[in-house]
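Spelled out, the chains give:
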Amino acid sequence: MYLRRKIDDILIQWKKDDNRFPLIIEGSRQVGKTESIRHFADDNYRNFIEINFVEEPKFKAILSNGYKVDEIVKAITLIDPAKRFVDNDTLILFDEIQVFPDIATSLKFFKQDGRFDVICSGSMLGLSYHEIESNSVGYKMNETMYSMDFEEFLWAKGYGNETVDSMLQHMIDIEPFSDLENETYMDLFTDYIILGGMPSVVKSYIEKRNFEGMSFIQNQLIKDYKEDIQKYTEGLDKSKVLAVYEHVPAQLAKENKKFQYSDIRKGARSRDYFGCIEWLRTAGTIMQCECMRYPSLPIKGNTIENVFKLYMSDTGMLIASLDEELQEYIRLHKTLGTFGGGIYENVVAEAFMKQGLPLVYYKKENSTLEEDFFVRTFENLVPVEVKSTNANSKSLRMLINGEQYSDIKYGIKLVKGNVGMNNNIYTFPYYTAFLIKRYLKACSK
């Protein structure tokens, strides 16, 4: 059973480009990179060569005679004579390149040779990726793949593009969903939050039609992530990297979600954990949301150093990191309980990241004004508030009505409710968070 992914269309467009460059698909482990590439190869190539540098480390010897394509092909067929290379109809996958970044240097020569298409993939862990980047400048393309977003989850459940188009049109027209639509989408979204977007988890849910066995799969993924931290962190204190990763759920449970090093260890400072957060962010396990100096444009360069919130890159993994009793309660009752605020913030941050939107927030020093996220159009800064209840939005009103916030004309509130608009505050259900970028683009024309 193959789950449709957004990378599928990207790969098809890449294949159509006669001047295509070798492609590097980045992403954290187990988000479906290899499976999607195999699916693409089966549909588009007569011949597919897959080399996994973790499973078959002997292939690290293929560069022993240099980087010329003929020498690499010769070395591959010497190691495995069953592998065949068909000119202009062969896709080569170099997988798990984080353990063999030197292979990226060969991309220049594959591009110049032109006979074979090449895709590199692997978990982008720590400093290895920086080495890959420096080895392949000018001769590769990059695409990032994440765990499944809500749109991909809807595809897995059998919904088509017309469903998503209808959702977006409801937002544009400020037309409330019917009770049936709203209840159905919210129920699906709650399932998605509990499951997360890891393909192995979603696939099990689709096949079994329930949450059976899900916690086992998620817990194994968490163990794998922690093993990666132990295995790949070079030049950093592994225990500190692990401590940051394990403390993200606890810090999201607080009312003040600003990340505090002192919550990890009494008296700890940012210098004690230098590089740990960057390593986890680069590895794709966490997201960093930076605090703006002032709610105005531009966003880039308008943030405060060492003031930020951290989120888990997959909300299902966040839930799987909670106490077992709370996990069981959430799955049994399909309600997020007292931790709902942090979970809804996390899933919105995840949706924004997967759309390529910035992750920034604002909190005034005296705490009289705080906003969860900000996005932008060409002309306007747009505050986005995530409400666990459909209550009044004091901060949104202050930002919209305050003369000192000249870049802000309207705001967005995401709630467990329906579509609406009042006093320049647009209200949308949580499950539409994945459409915010498309909504802003449509409304800015």
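Refer to the structure printed above.
Residues numbered from 1 in each chain as written. Predicted model: local features only at pLDDT ≥ 70, side-chain atom pairs only at ≥ 80, totals over all residues. Heavy atoms only, no water.

Student: Break down the side chain of Asn 182 for me, with residues and values.
Tutor: Structurally, Asn 182 is set in helix 8 (residues 179–195). In this structure Asn 182 comes out as buried when scored by relative accessible area, which is 16%. (Helix = DSSP H or I, 4+ residues; strand = E, 2+ residues; numbered from the N terminus. Buried < 20%, exposed > 50% of the residue type's maximum accessible area, 1.4 Å probe, protein only.)

Student: How would you summarise the sheet that holds strand 7 (residues 303–312) if you had to cite specific residues and measurements?
Tutor: What holds strands together in a sheet is hydrogen bonding between their backbones, with the strands either parallel or antiparallel. Reading across the sheet, the four strands line up as 7-6-8-9 and stay open at both edges, with mixed pairing between neighbours. In this open sheet, the two edge strands, each paired with only one partner strand, are strand 7 and strand 9 (370–371). Inspection of the sheet shows strand 6 (residues 286–292) paired to strand 8 (residues 360–363) by two bridges, in the parallel sense. Each bridged residue has a counterpart across the sheet, and for Cys 291 the counterpart in strand 8 is Tyr 361. (Pairing = 2+ DSSP bridges.)

Student: Provide a residue-level description of the pattern of salt bridges, including the pertinent values.
Tutor: Scanning all chains against the criterion turns up 23 salt bridges. Between Lys 309 and Glu 345 there is a salt bridge; the shortest N-O distance is 3.4 Å. Of this pair, Lys 309 sits in strand 7 while Glu 345 sits in helix 15 (residues 340–355), placing them 36 residues apart in sequence. The pair Lys 309 / Glu 345 is uniform in exposure class, with both members buried. Through salt bridges that share partners, Lys 6, Asp 149, Glu 151 and Arg 438 make up one connected network. (Salt bridge = Lys/Arg side-chain N within 4 Å of Asp/Glu carboxyl O.)

Student: Before we move on, can you summarise the sheet that holds strand 2 (residues 47–52) with the specific residues and values?
Tutor: Across the sheet, five strands lie side by side as 2-3-4-1-5; this open sheet has parallel pairing. The sheet is open, and its two edges are formed by strand 2 and strand 5 (141–144), each paired on a single side. Mean inter-strand twist for the sheet, computed between neighbouring axes without regard to direction, equals 20°. As judged from the three bridges shared by strand 1 (residues 23–26) and strand 4 (residues 117–121), these two strands associate in the parallel manner. Each bridged residue has a counterpart across the sheet, and for Ile 25 the counterpart in strand 4 is Ser 121. Seen against the sheet, helix 1 (residues 6–16) touches strand 1, strand 3 (90–95), strand 4 and strand 5 and runs at an angle of roughly 150° to strand 4. Strands strand 1, strand 2, strand 3 and strand 4 of the sheet are contacted by helix 2 (residues 33–44), whose axis makes an angle of about 170° with strand 3. (Axes fitted to C-alpha atoms, helices over the stretch in contact; angles between N-to-C directions. Contact = heavy atoms within 4.5 Å.)

Student: Lay out the packing of helix 1 against helix 2 with the relevant residues and their values.
Tutor: Where helix 1 contacts helix 2, the axes come no closer than 10 Å and their chain directions differ by 45°. Between helix 1 and helix 2, the interaxial angle falls into the category oblique. Note that helix 1 runs across helix 2; the crossing there is right-handed. Across the interface between the two elements, Ile 7, Asp 8, Leu 11, Ile 12, Trp 14 and Lys 15 of helix 1 pack against Ser 36, Phe 40 and Asn 44 of helix 2. Looking at the contact of helix 1 with helix 2, its residues break down into five nonpolar, two polar and two charged. (Parallel < 35°, antiparallel > 145°, perpendicular 65-115°, else oblique. Left-handed = near helix turned anticlockwise from the far one by under 90°. Nonpolar A, V, L, I, M, F, W, Y, C, P; charged D, E, K, R; others polar.)

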